[in-house]
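A structural walkthrough
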There are 2 protein chains.
Amino acid sequence: MPKLWNETIEAHRRAVRDATLETTVALVAEHGLASVTMSQIAKETGIGRATLYKYFPDVESILIAWHERHVAAHLEHLTHVRDEAGTPGEGLEAVLYAYARIMHGRRQHTELAALVHRGEHLTHAQQHLHGLIRDVIAEAATAGEVRDDIAADELAGYCLHALGAAGGLPSESAVGRLVDVTLAGLRPAP
Amino acid sequence: MPKLWNETIEAHRRAVRDATLETTVALVAEHGLASVTMSQIAKETGIGRATLYKYFPDVESILIAWHERHVAAHLEHLTHVRDEAGTPGEGLEAVLYAYARIMHGRRQHTELAALVHRGEHLTHAQQHLHGLIRDVIAEAATAGEVRDDIAADELAGYCLHALGAAGGLPSESAVGRLVDVTLAGLRPAP
């Protein structure tokens, strides 16, 4: 088959897949996990039930695929934020702030969270995230903007945990203060 | 009944209860949650099955009672650590270090953790813990040893999350460094 045709099929598949993910998450958010069926998802997505089963075996796998895409988008965003920043110190601040905002904006959908947060893809994403933060910290340490007497790896664990507090914060300004305090912990001793 | 007799009964009940909790946790740790039965627990504790049912309706409730006692002991320990310390700044450091050590020493028993960490008692204990840390921070802020431009409540959330990183650390000295970094985040701006 010509290359163009393959690309068209690929684009079509991606569109069906994306539509299925969006529909499913919206249905689960509205009606709860237990009451959403594959037939309902197919109908709402506007595809046949048999077609849907060619993409996904069950509702759970759709939700995990959605979460995988969601997490990948966050990682991409953080990488972009880092690349856009000026000095290593600015990069660190921008990335930590972006991460805190992600934590702050997380949907508090516990049923969904319990399901998707046990997937293997998450372990991989967490390692990726940890590596990204570690590298940004290491660069800032080399530039003298972060203490270099503690391994960047340990400092990354500290940052990720500390910024997890953003999930329970009431406002954007509280998130800003949390990032400030977390960054202060990283500064070289005077 | 005379007071002494009541006290004897009370002490006996507590002893049976404590023995049951210890036996159950040991059995679950050894054989897994699914394979431990009430009969087994009664036999290993050295009490009758009917007696056991007077104390607890099922295995799950025993584990939750155990965890409640476990968490209460941690809170008591932290309160004691705070009371023993000298200045507010020393109190803060001692309490944060004690908490980080608790996080570091937690059993990595995921099956058990998933069961006991959803109890209502935990929400209560977390509020208690948050309040304890908040008060220690507020005292240290009044003494000028902690920044006072951010509410102690927010700083407590930061500390508890940051020190959660202790769970994944490989050594006591790494835990000490984590406490150092977390404390550095709290210091007043120079």
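Owing to the predicted nature of the structure, the values given are computational and were not obtained by experimental measurement. (Residues numbered from 1 in each chain as written. Chains lettered and ligands numbered in written order. Predicted model: local features only at pLDDT ≥ 70, side-chain atom pairs only at ≥ 80, totals over all residues. Heavy atoms only, no water.)

Our focus in this paragraph is the UniProt feature "domain: HTH tetR-type" (unreviewed entry) in chain A. Here, UniProt's "domain: HTH tetR-type" (unreviewed entry) annotation points to residues 14-74 of chain A. The span residues 14-74 of chain A is 80% helical and 0% strand by assignment, and the distance between its end C-alpha atoms comes to 19 Å. (UniProt positions renumbered as here; feature names shortened; annotations may be inferred. Helix = DSSP H or I, 4+ residues; strand = E, 2+ residues; numbered from the N terminus.)

Here the UniProt feature "DNA-binding region" (unreviewed entry) sits at residues 37-56 of chain A. The span residues 37-56 of chain A carries 75% helix and 0% strand; its end-to-end C-alpha distance comes to 12 Å.

Once turned by 180 degrees and shifted 0.0 Å along the axis, chain A lies on chain B with an RMSD of 0.1 Å. Overall, the copies show the geometry of a two-fold rotation axis. Interface overlap between copies is the fraction of interface residues in one copy that are interface residues in the other; for chain A against chain B it reaches 100%, indicating a shared surface. (Least-squares fit on C-alpha atoms with pLDDT ≥ 70 in both. Contact = heavy atoms within 4.5 Å.)

Residue and element names in this part refer to chain A. Examined at the domain level, chain A breaks down into domain 1 (1-57) and domain 2 (59-190). Relative to domain 2, the C-alpha centre of domain 1 lies at a distance of 31 Å. Across the boundary between the two partners, domain 1 contributes 19 residues, which contact 12 residues of domain 2. Summing both partners gives a buried area of about 1,300 Å² for domain 1 against domain 2, and 72% of it is carried by carbon and sulfur. It is Leu21, Val25 and Leu33 that lose the most area in domain 1 upon contact with domain 2, and together they represent 43% of the buried surface on that side. The interface formed by domain 1 and domain 2 contains two salt bridges. At the surface where domain 1 touches domain 2, the tally comes to two residue pairs in polar contact (both at pLDDT 80 or more). Here the element with the most residues in the side of domain 1 that touches domain 2 is helix α1 (residues 3-31); it accounts for nine residues. (Domains from an automatic or database assignment. Buried area = accessible area lost by both parts, 1.4 Å probe. Salt bridge = Lys/Arg side-chain N within 4 Å of Asp/Glu carboxyl O. Polar contact = N/O pair within 3.5 Å; in protein donor to acceptor, adjacent residues only side chain to side chain.)

Further remarks concern the interface of chain A and chain B. The interface of chain A with chain B comprises 18 residues on the first partner and 18 residues on the second. Buried surface at the junction of chain A and chain B, summed over both partners, amounts to about 1,500 Å²; 69% is from carbon and sulfur atoms. It is A:Glu154, A:Tyr158 and A:Val181 that lose the most area in chain A upon contact with chain B, and together they represent 37% of the buried surface on that side. Linking chain A to chain B there are two salt bridges. In this structure, A:Glu154 and B:Arg177 form a salt bridge, with 2.7 Å as the shortest nitrogen-oxygen distance. Along the contact surface separating chain A from chain B lie three residue pairs in polar contact (both at pLDDT 80 or more).

Let's shift gears to helix α2 (residues 38-45) of chain A. All names here are of chain A. Taken residue by residue, α2 has Met38, Ile41, Ala42 and Thr45 as its buried positions. Axial view of α2: buried residues confined to an arc of 100 degrees, hence all on one face. Looking at α2, the residues exposed on the side facing more than 90 degrees away from the buried face are Lys43 and Glu44. Positive backbone phi, at 85 degrees, marks Gly46, one or two positions downstream of α2. (Buried < 20%, exposed > 50% of the residue type's maximum accessible area, 1.4 Å probe, protein only. Arc of directions from axis to C-beta.)

What follows concerns the state of the cysteines. By the definition in use, this model includes zero disulfides over all chains. With no disulfide of its own, A:Cys159 has B:Cys159 as its nearest cysteine by sulfur position, at a separation of 14 Å. A relative accessible area of 0% places A:Cys159 in the buried class. (Disulfide = S-S within 2.5 Å.)

The next thing to look at is a negative patch on the surface. Residue and element names in this part refer to chain A. A cluster of acidic residues, Glu90, Glu93, Glu145 and Asp180, forms a negative patch on the protein surface. As for its position among the elements, Asp180 is in helix α9 (residues 172-186). On the basis of relative accessibility, which here comes to 41%, the residue Asp180 falls in the partly exposed class. (Patch = residues over 30% accessible without salt bridge, like charges linked within 9 Å, V, L, I, M, F, W, Y side chains within 5 Å. Areas by Shrake-Rupley, 256 points an atom, 1.4 Å probe, with all protein chains shown as cover. Lys, Arg positive; Asp, Glu negative; His and termini not counted. Charge placed at Lys NZ, Arg CZ, Asp CG, Glu CD.)

Considering the arrangement of structural elements, one finds B:Arg147 in the loop between α7 (120-142) and α8 (152-163). For the pair formed by B:Arg147 and B:Pro190, sequence separation is 43 residues and the distance between their alpha carbons is 9.9 Å. Every residue in contact with B:Arg147, bar those within four places of it in the chain, is listed here: A:Val181, B:Ala141, B:Leu155, B:Gly185, B:Leu186, B:Arg187 and B:Pro188. Of note is the side chain of B:Arg147, whose polar atom sits 2.9 Å from the side chain of B:Asp149.

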